Amino acid sequence: MALYSEKVMEHFLQPRNVGVIENADGVGEVGNAKCGDIMKMYLKIDDGIITDVKFETFGCASAIASSSMATELIKGQRVEDAMKLTNQAVAEALDGLPAYKMHCSVLAEEAIRSALEDYQSKNPNG
Amino acid sequence: MQIYADNAATTKMSEAAIEAMNDCMRNWWGNPSSLYTIGQKAKEKLEEAREEIAAIINASPREIIFTSGGSESDNQALLTAAAKGNRSGKKHIISSAFEHHAILHTLNKLKKNGFEVTLLPVHENGVIRLDELEAAIREDTCLVTIMTANNEIGTIQPIAEIGELCRRRGVIFHTDAVQAVGHLPIDVKAQNIDMLSASAHKFHGPKGVGFLYARKGIILQNLIEGGAQERGKRAGTENLPGITAMAAALKEAAANMERDNAHKTEIRDYLIKGLSEIHHSALNGDAKQRLAGNVNFSFEGIEGESILILLDQMGISASSGSACTSGALDPSHVLLAIGRIHDVAHGSLRLTIGEDITREQADYMIDSVKKVVAHLRSFSPVWRDLTEGKKEFILK
Ligand SMILES: Cc1ncc(COP(=O)(O)O)c(C=O)c1O
Ligand code: FES
């Protein structure tokens, strides 16, 4: 299928880090007002390092692949570094997305930021 | 297993159509407008095709003009009726909310030119109501355009009754029969149809060719100006290979229609029964008053593009009305028109089966769809909210 890169297909067909973390240290849920898709991220954070991350996504193949790739990119990172994750980085790691599917990677960036902010609000001292 | 289940999008050309096209390209390549023998032979082929097609819908050959397909026929029919209406100060058009964009976008253009458009509701079952149509007809109504069968949910409209009503009220009736020609019996006289659009690639003919039927007395408005082809109503050297192939395809489709529809209906109902076993799902459109080949379901808690790509991996070609499958990110206007909210339109799947579908293929499709739905629901946050009672199910 030429619609998506092989990387997107790989992450869509075998998404990494799918699921839920019970008692997560940070949870973020965001939605796309336009197409109506929803992404939820769960983070486990120890000493400022993301030790585990899981996601749930309701959306297209590009949204699911973006969630999967985004979790891979931030796993093991420090919270400050993960905060800097951009949707471009997610899309690039997926070997690109069709232009009209770029917003799906934005959803991944926002979901992770929202989960990190949730963590920070619960842990104001880092 | 490979299953092409998107016959509403397009169909595979039949052997008869390919044969006819090849024969034409090899042997009848002259210009039908030329006066020497090679040209006149081509002309004969052209008129033969016209006669065959006309006979199938009970029209006379003079009432058929060849076009580039459904979109062109729709545009020409609407602009013709509008021009006629304009001349007599009638600038009101009635249509339905779930027409193809070839109709809706043309109506939008006419609105900018001062026409008023009433879109009839199609209700939950995807069928218009005659009393609502009757009530909508005004003194200044110049056209009623209602599709014979819907391309997404396959629901069939009461065409003969609409035709009878329009004839009685003196309003031109056009029907976009692109999904119906070759699949449903059509008799333009018995059904009182004034204009009808058809497209060859929906009945195993080639793409880029179709026809417009216009009852004797309706003077067509040109979209394409130029030579005097098609009695001056559609310029351009005729696409003879396409036209002869279309006639061959339609002849075959018409001859086998009864048998094919009986078979497809049986498999369609089997698919509907099988897919209904999936919890929180629903059939879109009336269960019986629909094309024999059309199955359209919504599954709550998941998104359609993901369904399609997973099914493609399993060898099944299908389609969806999800916003994520449209470049514009809008959910299907057809599903919205039958009252499905965005969330439910999102998880829709259309399977349009062909004549050669088998029971084994149907079993495989049911099994594959069940697997795909379960997989996508297993990590959908919406499904979690629904099952945990944080959100209410819409579909039972
Ligand atoms: C109901 C309906 N009308 C019009 C069209 C347009 O036909 P074509 O693709 O031949 O222009 C289609 C097919 O896409 C259709 O399904
Ligand atoms: S999430 Fe809707 S288009 Fe990707």
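Each chain has its residues counted from 1, running along the sequence as written. Chain letters start at A and ligand numbers start at 1, both assigned in the order the entries are written. In view of the model being predicted, local features appear only for residues whose pLDDT reaches at least 70, and side-chain atom pairs are presented and counted only at 80 or more, with totals across whole chains, interfaces and linings using the full set of residues. Computation of side-chain values covers all heavy atoms of the structure but excludes hydrogens and water.

(A) Local environment of the domain arrangement of chain B. All names here are of chain B. Residue ranges assigned to each domain were obtained from an automatic or database domain assignment. Partitioning chain B into structural domains gives domain 1 (3-9 + 257-387) and domain 2 (15-253). Measuring from the centre of the C-alpha atoms in domain 1 to the corresponding centre in domain 2 gives 29 Å. In what follows, a contact means two residues having at least one pair of non-hydrogen atoms within 4.5 Å. Each side of the interface is counted separately: domain 1 has 22 residues, and domain 2 has 30 residues. Summed over both partners, the interface of domain 1 with domain 2 buries about 2,100 Å², with 51% contributed by carbon and sulfur atoms. By definition, the buried area sums, over both parts, the 1.4 Å-probe accessible area that each loses when the two are put together. When the area that domain 1 buries against domain 2 is broken down by residue, the three leading residues are Met257, Leu291 and His333, summing to 29%.

(B) Just the nonpolar core, in detail. Working definition of a nonpolar core: buried Ala, Val, Leu, Ile, Met, Phe, Trp, Tyr and Cys residues. They are joined through side-chain atoms within 4.5 Å. Each residue gets one of three labels from its accessible area relative to the maximum for its type: buried under 20%, exposed over 50%, partly exposed in between, using a 1.4 Å probe on protein chains only. Core analysis: the largest hydrophobic core is formed by 71 residues, its most contacted members being Leu116 of chain A together with Phe299, Leu349, Leu351 and Met365 of chain B. Where helices and strands are cited, they refer to DSSP runs of H or I of at least four residues and of E of at least two residues respectively, numbered from the N terminus. With eight residues, the top contributor of residues to this core is helix H5 (residues 102-122) of chain A.

(C) Geometry of the sheet that holds strand E2 (residues 38-46) of chain A. Residue and element names in this part refer to chain A. Strands are labelled as partners when DSSP assigns at least two bridges between them. Pairing in this open sheet of three strands is antiparallel, and the strands run E1-E2-E3 from one edge to the other. Two strands bound the open sheet, and with one partner strand each, they are strand E1 (26-31) and strand E3 (49-58). Here the strands of the sheet are splayed against their neighbours by 15° on average, with no regard to which way each runs. Strand direction decides the pairing type here: E2 and E3, joined by nine bridges, are antiparallel. Angles run from 0 to 180 degrees between N-to-C directions of axes, and those axes are lines fitted to C-alpha atoms, restricted for helices to the stretch in contact.

(D) Structural view of the interface of chain A and chain B. Of the residues lining the interface, 29 residues belong to chain A; the matching set on chain B comes to 24 residues. For the pair chain A and chain B, the two sides together bury roughly 2,100 Å², of which 66% comes from carbon and sulfur. Considering only the surface of chain A that becomes buried against chain B, Lys34, Glu56 and Phe58 of chain A emerge as the three largest contributors, covering 27% of it. By salt bridge we mean one thing: a side-chain nitrogen of Lys or Arg within 4 Å of a carboxyl oxygen of Asp or Glu. Remark: the boundary between chain A and chain B carries two salt bridges. Under the rule applied, a polar contact is a pair of N or O atoms within 3.5 Å (in protein, one hydrogen donor and one hydrogen acceptor; residues adjacent in sequence only if both atoms are side-chain atoms). The interface formed by chain A and chain B includes eleven residue pairs in polar contact (both at pLDDT 80 or more). Contributions of two or more residues to the side of chain A that touches chain B are made by helix H1 (6-13), E2, E3 and helix H2 (61-74) of chain A. Sort the elements by how many residues they give to the side of chain A that touches chain B and E3 of chain A lands first, with four residues. Split into classes, the residues belonging to the side of chain A that touches chain B amount to 18 nonpolar, five polar and six charged. Gly is placed with the polar residues, together with every amino acid not listed as nonpolar (Ala, Val, Leu, Ile, Met, Phe, Trp, Tyr, Cys and Pro) or charged (Asp, Glu, Lys and Arg).

(E) Examining the pairing of strand E12 (residues 348-352) of chain B more closely. All names here are of chain B. By the criterion of burial, E12 is predominantly enclosed, with five of the five residues buried. Where strand E10 (residues 294-299) meets E12, five bridges bridge the pair, whose relative direction is antiparallel. Across the sheet, residue Asn296 finds its bridge partner in E12, namely Arg350.

(F) Looking closely at the pattern of salt bridges. What the rule picks out here adds up to 35 salt bridges over all chains. The closest approach of N and O atoms between Asp81 of chain A and Lys84 of chain A, which form a salt bridge, is 3.6 Å. Residue classification places Asp81 of chain A among the partly exposed residues on the basis of a relative accessible area of 35%. Exposure remark for Lys84 of chain A: the relative accessible area of 61% places this residue in the exposed category. One salt bridge in this structure joins Glu355 of chain B and Lys264 of chain B, with 3.2 Å as the shortest N-O distance. With a gap of 91 residues between them, Glu355 of chain B in the loop between E12 and helix H11 (359-378) and Lys264 of chain B in helix H7 (residues 240-276) connect regions that are remote in the sequence. Residue classification places Glu355 of chain B among the partly exposed residues on the basis of a relative accessible area of 23%.

(G) Looking closely at the site of ligand 1. Residue and element names in this part refer to chain B. It suffices for a single heavy atom of a residue to lie within 4 Å of a molecule or strand for the residue to be listed as near it. Around ligand 1, the surrounding shell holds 13 residues, and the nearest of these are Ser71, Asp176, Gln179, Ser199 and Lys202. At 2.5 Å, a side-chain N or O of Ser199 approaches an oxygen atom of ligand 1. In the environment of ligand 1, an oxygen atom lies 3.2 Å from a nitrogen or oxygen atom belonging to the side chain of His201. For ligand 1, the accessible surface in isolation is 390 Å², of which the surrounding protein chains cover 84%. In terms of residue count, the dominant contributor to the shell around ligand 1 is helix H3 (residues 70-87) (three residues). Grouping the constituent residues of the shell around ligand 1 by class yields two nonpolar, eight polar and three charged. In short, Shrake-Rupley with a 1.4 Å probe defines the accessible areas, and a residue's cover is counted only from the protein chains shown.

(H) Up close: the sheet that holds E10 of chain B. Residue and element names in this part refer to chain B. Pairing in this open sheet of three strands is antiparallel, and the strands run E9-E10-E12 from one edge to the other. Each having just a single partner strand, strand E9 (281-283) and E12 make up the two edges of the open sheet. The mean angle between the axes of side-by-side strands here comes to 20°, regardless of whether they run parallel or antiparallel. Bridge analysis of E9 against E10 gives three bridges, and the strand direction is antiparallel. Across the sheet, the residue bridging to Ala282 is Ser298, located in E10.

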